[in-house]
Amino acid sequence: MNKKKNKNTLLPFWIKSPRTALALLVLIGSVLAGITRLPQLMNPNLVLEGEEARLALTAKHVVEQNQWPNLFHIQESGFNVFETLAMALFFKMGGVSEVTVTGAMVFLWTLGLIFFILAQNRFSGFQSAWIAGIFFLFFPTWIPWSLSARQWVSPFFLAGFCCWLATHSPTNFFGKRLWGIGLGIATGGLFASRPLWGVCFLAFLAALFWKRGQWSDVLAILIGAVVAVSFLTSWAAPERTATGISEFFKNFDLALSLRQLPTRIFVAFTGAFEESLRFPIGRFTRWASIIWSGGVFLFLTRVVTARESFSDRRFAVGCALAIAIPVAFSLGVSPNLFSFQHLVALTPYAILGVSALGAQAWERQSKGSILIVLFLLATTVAGSGASFEAASPPRHQATPPFTLSVKEARAKLIKEIQDNDIHHVFSLDPIFRWNLIFDSGEKIIARWVNAKDPLPNYAKEVDKALFYGKPLALVGLTHQEAAINQAVKLNKLPSPEIHHIGNRYIWVKQPSQFLILAFDFEPNPLEDLDIPTDLIENFRKRQTAHQPKSPQGQIMDQATLKKIVQEGGF
């Protein structure tokens, strides 16, 4: 790594030791990570998305029921062990709530930030490290996503750890082999978390090791990676499905992707998106994204055209390769499978590369030093404004046509259900069920159409309530009312009373079994529910006598989702 000491680091006169300076930088960066996220943490309308609630329930079971095997459950969205551990720790200290969930994510993201700062200090020196710290804190993508428990903080943390580990290479034979295997295991975990992040890091690592590392090092890293991936895959849920890599590139449209590339990068840098949908943004977020788009373009241009811009050419090339891979992937992927999240993988390396470029310009006291100062000021001001804008995203506000905020509507829905002494519900939405369970403190148990559940026994408990005749409810989003009416019409059922909550949610008290069956709720094997034989036989007779007709549209399509997002979200 680059051992050259930078000059003009703007250290206070009383700091003599580089170790002290680095420790102070890490401390200040950690404190600022919390302060800059306070507007979002203190937001009175803070709510969890469905995937966040599912992960929070997993951590809750770890703390309250000691269900440790859930730690090794690989969901479709990625390996979630670190998010689960962080939440469990914060639940233990501060109780179970939305604030502790998001606080745990800020903590885990801050650990990743520290690893990136330490790695950058080894890669390019202290000057580059403190510049990178500022950039990470105010990069618009990570202002909202550093609080989100949706398996994006984990790859950030792992990528930072891998970069830091890559800077430490022991000199003795056995130490180097153990180091290589350890780095490989960490890289394997990064692959399990997000494969594209793993590819980016390997490209970055390959550039660092070019004509520098040994084949034995590479072999040790590969062994560690294979062991890690094999181990984690063995714990994967058997029902897990994933899109095959070949599926991503079917029917790709390169011309369309090239035309959309600037917009895609801009939206990815705002952090205001969900898969392929973009959310409204404020002016600070817009300017922060524009500034960073220009900064990354300038960095890539300097890598190609000006070799002298970097004291460590391999490091700069590694960052450029890690940036190029997600861009190339997004160009080749089929338009209907593109997600703005694909481009998030390049953000850490963009920050590291631009920081190294800025530090080199500052050290040489060239005209570029003025540019880096202006860039620092612009990103800090725009990022600070973006942190306040992210605190009240439009999808969490009570904007027309909604009469209640998400938090108010969920609280009212849960209260109405509990006031009717109902504790088991069938959910027409696969994600919202997790919010019902978490927000009610598991006093309401919900299930979706699939009998198998990532968390144990929920679907079985609801099925038991159905067969024992306990009070039930059918819950959905407002747009799913049409599907209920269609099911009633097709099956000639009595019209149920549909309750509306803030023009966001609907629920039906004590729906008939035929209405539930019409929505294709897959029952658990009756023999597994400890239900008396006579109840099972009666149910099967009714099911045989009347085959329900399923309505269309009970699952949200992309057009409906896009309309909801544009109008202000759930």
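Residues numbered from 1 in each chain as written. Predicted model: local features only at pLDDT ≥ 70, side-chain atom pairs only at ≥ 80, totals over all residues. Heavy atoms only, no water.

A. Structural context of the sheet that holds strand S7 (residues 473-477). Spatially, the five strands line up as an open sheet ordered S6-S5-S7-S9-S8, and their pairing is mixed. Sheet topology places strand S6 (445-447) and strand S8 (498-501) at the edges, where each strand pairs with a single neighbour. Mean inter-strand twist for the sheet, computed between neighbouring axes without regard to direction, equals 30 degrees. Sheet topology note: the S8/strand S9 (residues 505-509) ladder contains four bridges and is antiparallel. Along S9, the bridge assignment pairs isoleucine 501 with tyrosine 505. Where helix H17 (residues 406-419) meets the sheet, its contacts fall on strand S5 (424-427), S7, S8 and S9, and the angle it forms with S9 comes to roughly 5 degrees. Together, S5, S6, S7 and S9 form the strand contacts of helix H18 (residues 432-439), whose direction differs from that of S6 by roughly 170 degrees. (Pairing = 2+ DSSP bridges. Helix = DSSP H or I, 4+ residues; strand = E, 2+ residues; numbered from the N terminus. Axes fitted to C-alpha atoms, helices over the stretch in contact; angles between N-to-C directions. Contact = heavy atoms within 4.5 Å.)

B. View of the pattern of salt bridges. Following the criterion strictly, the structure yields seven salt bridges and no others. Ionic pairing is found between glutamate 64 and lysine 60, a salt bridge with its closest N-O pair at 2.9 Å. With glutamate 64 and lysine 60 both in helix H2 (residues 50-65) and four residues apart, the pair spans about one turn of that helix. Salt-bridge contacts for aspartate 463 lead to arginine 447; the nearest nitrogen and oxygen are separated by 2.8 Å. Linking aspartate 463 in helix H19 (residues 458-467) with arginine 447 in strand S6, this pair joins segments that are 16 residues apart in sequence. In this pair, the class of aspartate 463 matches that of arginine 447, namely buried. (Salt bridge = Lys/Arg side-chain N within 4 Å of Asp/Glu carboxyl O. Buried < 20%, exposed > 50% of the residue type's maximum accessible area, 1.4 Å probe, protein only.)

C. Highlighting helix H9 (residues 195-209). Over its 15 residues, H9 extends 21 Å from the first C-alpha to the last, a length consistent with the 21 Å expected when each residue adds 1.5 Å. Among the 15 residues that make up H9, 11 are buried, leaving the element largely enclosed by the rest of the structure. All of the buried residues along H9 are Leu196, Trp197, Gly198, Cys200, Phe201, Ala203, Phe204, Leu205, Ala207, Leu208 and Phe209. (Expected span 1.5 Å × (residues − 1).)

D. Representation of H17. For H17, with 14 residues, the first-to-last C-alpha span of 20 Å sits near the 20 Å given by 1.5 Å per residue. Listing the buried residues of H17 in full gives Val406, Ala409, Arg410, Leu413, Ile414 and Ile417. Seen end-on, H17 carries its buried residues on one side only, within an arc spanning 130 degrees. Of the residues in H17, the exposed ones pointing more than 90 degrees away from the buried face are Lys415 and Asp419. In this structure, the buried side of H17 is in contact with S5, H18, S7, S8 and S9. Immediately downstream of H17, the backbone of aspartate 421 shows phi near 55 degrees, a positive value. (Arc of directions from axis to C-beta.)

E. Fine view of a nonpolar patch on the surface. On the surface, a cluster of nonpolar side chains totalling about 640 Å² of accessible area is made up of Leu27, Ile28, Val31, Leu32, Ile35, Leu38 and Met42. A relative accessible area of 43% places isoleucine 28 in the partly exposed class. (Patch = residues over 30% accessible without salt bridge, like charges linked within 9 Å, V, L, I, M, F, W, Y side chains within 5 Å. Areas by Shrake-Rupley, 256 points an atom, 1.4 Å probe, with all protein chains shown as cover.)

F. Representation of the packing of aromatic side chains. Across all of its chains, the model carries 30 aromatic pairs by this definition. Judged by centre distance (5.1 Å) and plane angle (55 degrees), the ring pair of phenylalanine 116 and phenylalanine 156 falls under tilted. Of the two residues, phenylalanine 116 is situated in helix H4 (residues 98-124) and phenylalanine 156 in helix H7 (residues 153-166); the sequence distance between them amounts to 40 residues. Judged by relative accessible area, which is 0%, phenylalanine 116 ranks as buried. Classification of phenylalanine 156 as buried rests on a relative accessible area of 0%. For the ring pair phenylalanine 201 and phenylalanine 204, a centre distance of 6.4 Å and an interplane angle of 40 degrees mean the geometry is tilted. In this pair, phenylalanine 201 and phenylalanine 204 both sit in helix H9, three residues apart, roughly one turn of the helix. (Phe/Tyr/Trp six-rings, centres within 6.5 Å; stacked < 30°, edge-to-face > 60°.)

G. Representation of the packing of H9 against helix H14 (residues 313-332). H14 packs onto H9 with a crossing angle of 150 degrees between their chain directions and a minimal axis gap of 8 Å. Considering the angle they form, H9 stands roughly antiparallel to H14. Judged by the twist between their axes, the crossing of H9 over H14 is right-handed. Across from Leu196, Val199, Cys200, Ala203, Phe204, Ala207 and Leu208 in H9, the residues of H14 making contact are Arg314, Phe315, Val317, Gly318, Cys319, Leu321, Ala322, Ile325, Pro326 and Phe329. In terms of residue class, the contact of H9 with H14 is built from 15 nonpolar, one polar and one charged. (Parallel < 35°, antiparallel > 145°, perpendicular 65-115°, else oblique. Left-handed = near helix turned anticlockwise from the far one by under 90°. Nonpolar A, V, L, I, M, F, W, Y, C, P; charged D, E, K, R; others polar.)

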